Amino acid sequence: MKNLTQEQWKKSLEKDENAYILDVRTEEEFIEGYIPEATNLDIHKGQEFIDELGKLDKSKSYFVYYRSGARSAQACALMNQQGIENAYNLMGGITEWEGEITHQ
């Protein structure tokens, strides 16, 4: 797992053709606004979350965020345990995100 600043996260994301954005907040939080192209996978679902991680393509790079960055760091650590080597945590989370936000 790597903790990246917003600038590092954005630059790495743009350069990586194998990138996948993962929002690990609740579905309710996700609906209120998310980083474009993000997929929601709620870390609060415990074992269901772990099971879903097991289904992810281990060859991809995952750019992960939460509200403040703490739980996304936990998610990245869990991803590493599942054999996903390229997990990047957005420090400061969506709260400090200065880029585009999509609303449903």
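Residues numbered from 1 in each chain as written. Predicted model: local features only at pLDDT ≥ 70, side-chain atom pairs only at ≥ 80, totals over all residues. Heavy atoms only, no water.

Within the chain, the regular secondary structure consists of four helices and five strands. In the chain, the order of α-helices and β-strands from amino to carboxyl end is β-α-β-α-β-α-β-α-β. Considering only C-alpha atoms, the chain reaches an extent of 30 × 30 × 20 Å along its principal axes. Buried positions account for 42% of the 104 residues belonging to the chain. When contacts within the chain are restricted to residue pairs at least 6 apart in sequence, long-range pairs at least 24 apart make up 67% of them. (Helix = DSSP H or I, 4+ residues; strand = E, 2+ residues; numbered from the N terminus. Buried < 20%, exposed > 50% of the residue type's maximum accessible area, 1.4 Å probe, protein only. Contact = heavy atoms within 4.5 Å.)

Now for the pairing of strand β2 (residues 19-23). In this structure, β2 lies alongside strand β4 (residues 61-65), joined through five bridges in parallel fashion. The partner of Leu22 across the bridge, within β4, is Val64. Alignment of β2 against strand β3 (residues 39-40), held across two bridges, turns out to be parallel. The partner of Leu22 across the bridge, within β3, is Thr39. (Pairing = 2+ DSSP bridges.)

For the rest of this paragraph, the subject is the nonpolar core. Of all hydrophobic cores here, the largest spans 15 residues; its most connected members are Leu22, Val24, Phe49, Leu56, Tyr62, Val64 and Met79. Listed by contribution, the elements that provide at least two residues to this core are α3 (47-55), β4 and α4 (70-81). Ranked by residue count, the leading element in this core is α4, at three residues. Those residues in contact with Leu22, other than ones at most four positions away along the chain, are Thr39, Leu41, Leu56, Tyr62, Phe63, Val64, Tyr65 and Met79. If you look at the next biggest cluster of nonpolar residues, it comprises 14 residues, including Phe30, Tyr34, Tyr65 and Tyr88. (Core = buried A, V, L, I, M, F, W, Y, C linked by side-chain atoms within 4.5 Å.)

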